[in-house]
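# Coordinates in review
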Amino acid sequence: MLKSSSFITKLLLVISLLILIFWSFPNMSNYYENIESYHTKKSELQEARVKFNIHQDAQIFQLENFQQELESIASDVKILPKGEEKKNYLIEIKIDKNKIKKFNKFIETLSLRYLVKIEGNQLNFKEKEQYIQINFTLKKL
Amino acid sequence: MPNRQYITITHYKEREFYFLNHAIQTQDGFIPKEIEQFHESEKDKFIERIRSLQSQYTYTQIASISLATNQTISEKEDKTKVSAKIFNNNYAIQDKIDIGNIPTTLYFSPFTILYQEYKDKLDNKLTLLIGYFDRKLYMMFATEEKIHQSWVIGTRGLSEKQIAIRVYKSMKAYYKISYKFADHIEMLLTDDSPKLLKVLREELSLTILPTQNSIHNLLHHMAGEQERAISSYIRSSLSGHTSIVSNHQNDKGLNRNEFTSLKNQEMHNLEDLKLTNSSAYSSSNIEENLSFFDKVKSLFSSKDSKPTVRHTLLAFVPFLFVVGMGSYYIVENQKLLKEMELTDAQLYSQLNHTLLASTSNDVFSAMGKSAELKTATISNSKIALKGVVWGIEPLRNSLNDLYPDGEFIIKPLENFMTEFSFNSKI
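Residues numbered from 1 in each chain as written. Chains lettered and ligands numbered in written order. Predicted model: local features only at pLDDT ≥ 70, side-chain atom pairs only at ≥ 80, totals over all residues.

B:Phe108, B:Leu114, B:Ile130 and B:Met140 are the most contacted members of the largest nonpolar core, which totals 59 residues. Of the residues forming this core, the biggest block, six residues, is contributed by strand E11 (residues 136-142) of chain B. Contacts of B:Met140, omitting those with residues within four sequence positions, involve B:Ile73, B:Phe111, B:Leu114, B:Leu129, B:Ile147, B:Gln149 and B:Ser150. Listed in part, the 34 residues of the second largest apolar core include A:Ile93, A:Tyr114, A:Phe125 and B:Ala366. (Core = buried A, V, L, I, M, F, W, Y, C linked by C-beta atoms within 7 Å. Buried ≥ 20, exposed ≤ 12 C-beta atoms within 10 Å, placed from the backbone. Helix = DSSP H or I, 4+ residues; strand = E, 2+ residues; numbered from the N terminus. Contact = placed C-beta atoms within 7 Å.)

In structure tokens form, the structure reads like this:
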């Protein structure tokens, strides 16, 4: 059948074969390799969520939700956007000295609940009477 | 005064010789005269002899045969080439006819001669018709409905046994493309070769029915009847379908079908018939001992090709499919990479936050009842603490247990209290 085909037909078939071998198959193979790696990472995250008893995927950072959650453990919550892109937020809270463990727990599971990270992985503490004022910068992922 | 009998003059060239014959056509068949032979150096004499015969008889046709190897069978008539209709939608096609300036009015393809010879024997079973002309095998696989495949194989220099093997190989080659074997073989030999007949019978397992006839006789037969000649001779698309008109149906000297006058013959003379488009077609010979490279190369030649828009469009289907498939995976992969990047960042952040929370817990635990923090900077790379201490040694021990390389400094204050500072890398 190939022999009775025109030159253009044969050329197209050969080009198709070359594209399949050198482009389509490598892309397909790359995709399936990546998807395997992706599933492994997803399962690691899932394990972490199970460990901390979190039942939902991390949500995109929303100021209102985050503020509400933070207010349940701290007072005087101030969230100030940093920069024009509004990807960074300066967080300033006051927390009772006795609730510092609760705050640490909050930090520990932060990335499992919100797609954020603490910029520089740094927390600043300052004592103010019975409270501790904590500052840190949050960045959206 | 020219004779009013109908005469067919036949000629062909084999190697360096021209062979010429003429026959008187009668109602009961043709009566051939002696075959004349001319060396190619005597071409003028040869042409002069043809002209002489033409002038002797009023009604003549000059028939010749195309022994070119680049003849193919096609289902369509190609207007840019010369073609002869075999039957139905089967045409013998070749690039051009180039017979020099030798007078010729009817030019036949071995394929059409083969068909005319065996058409009554064709049925729905596959028959391999082989014509052995000028040491070439003109082969076609045919049923009563169509010619399925054709090949021309050169055999010059081969022994009879090798020729028989080539016939068998061509059958196998056809089987590879159609999964059909010919039910039987009819073979028309134009050379007197009893040995070849014997070997073919011995070598080929299938029933082979060879018959022998000379090229001249075959041409006389083809040109002998108007209907047969009209339906079979090679036409040039450039000159249009020239018809052979019967002007003298009831002429006394010719009781059977009659043909054109000498004047008309000149009109049909093919001596100037040349087409320029010769590169598109090549022969469909089966070559022995083809190398792999030759086979690949042959795939790209246009042998027997009947290129249609449909075929070309169909070839776009796999092309579009592989391009589409590649593009799909590229797009999906890019989406996946973005997802993976986010997942990676989330996992990395989670790890860092766990470490940060742990460090913070450790620091506040170390303070215990021994000290109180005033300021602290806690990160995953360093800690810097400052506060008031009551139990210096317990605090120092706790901090040194956690961070042995840390620097613990105490400073007495005026109000009898002691300030401490602690810096360490993690």
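For any part of a model where pLDDT is low, the fine detail of the predicted coordinates should not be relied upon. Taken as a whole, chain A shows an average pLDDT of 89; of its residues, 96% reach a score of 70 or greater. Mean pLDDT values over the elements of chain A span from 89, in helix H2 (residues 63-71) of chain A, up to 94, in strand E3 (residues 116-118) of chain A. (pLDDT = per-residue confidence, 0-100.)

A separate point is the packing of helix H3 (residues 160-178) of chain B against helix H4 (residues 194-203) of chain B. Residue and element names in this part refer to chain B. One can describe the packing of H3 onto H4 by two numbers: an axis separation of 9 Å at closest approach and a directional angle of 45°. In terms of axis orientation, H3 runs oblique to H4. Here the hand of the crossing between H3 and H4 comes out right-handed. Of the residues in H4, those in contact with Glu 160, Lys 161, Ile 163, Ala 164, Ile 165, Val 167 and Tyr 168 of H3 are Lys 195, Leu 196, Val 199, Leu 200 and Glu 203. (Axes fitted to C-alpha atoms, helices over the stretch in contact; angles between N-to-C directions. Parallel < 35°, antiparallel > 145°, perpendicular 65-115°, else oblique. Left-handed = near helix turned anticlockwise from the far one by under 90°.)

Further remarks concern the interface of chain A and chain B. Listed as interface residues are 51 residues of chain A and, on the opposing side, 51 residues of chain B. Going through the elements one at a time, helix H1 (7-51), helix H3 (100-108), helix H4 (110-113), E3 and strand E4 (122-128) of chain A are the ones with two or more residues in the side of chain A that touches chain B. Tallying contributions element by element places H1(A) first for the side of chain A that touches chain B, with 25 residues. Grouping the constituent residues of the side of chain A that touches chain B by class yields 25 nonpolar, 16 polar and ten charged. Bridge analysis of E4(A) against strand E16 (residues 371-379) of chain B gives five bridges, and the strand direction is antiparallel. Note that in E16(B) the partner of A:Lys126 across the bridge is B:Thr375. (Nonpolar A, V, L, I, M, F, W, Y, C, P; charged D, E, K, R; others polar. Pairing = 2+ DSSP bridges.)

Both faces of the sheet carry side chains from a regular strand, because those side chains alternate between them. All names here are of chain B. By the criterion of burial, strand E12 (residues 147-154) is predominantly enclosed, with six of the eight residues buried. Strand direction decides the pairing type here: E11 and E12, joined by seven bridges, are antiparallel. Considered in E12, the bridge of Met 139 is made with Trp 151. With antiparallel pairing between neighbouring strands as the criterion, E11 and E12 make up a hairpin whose turn holds four residues.

Okay, H3(A) next. Along an α-helix, residues three or four apart share an orientation, since each turn contains 3.6 residues. Every buried residue of H3(A) is listed here: A:Ile100, A:Phe103, A:Asn104 and A:Ile107. Taken around the axis of H3(A), the buried residues stretch over an arc of 100°, which confines them to a single face. Elements that come into contact with the buried residues of H3(A) comprise strand E2 (88-96), H4 and strand E5 (131-140) of chain A together with helix H9 (309-367) of chain B. (Arc of directions from axis to C-beta.)

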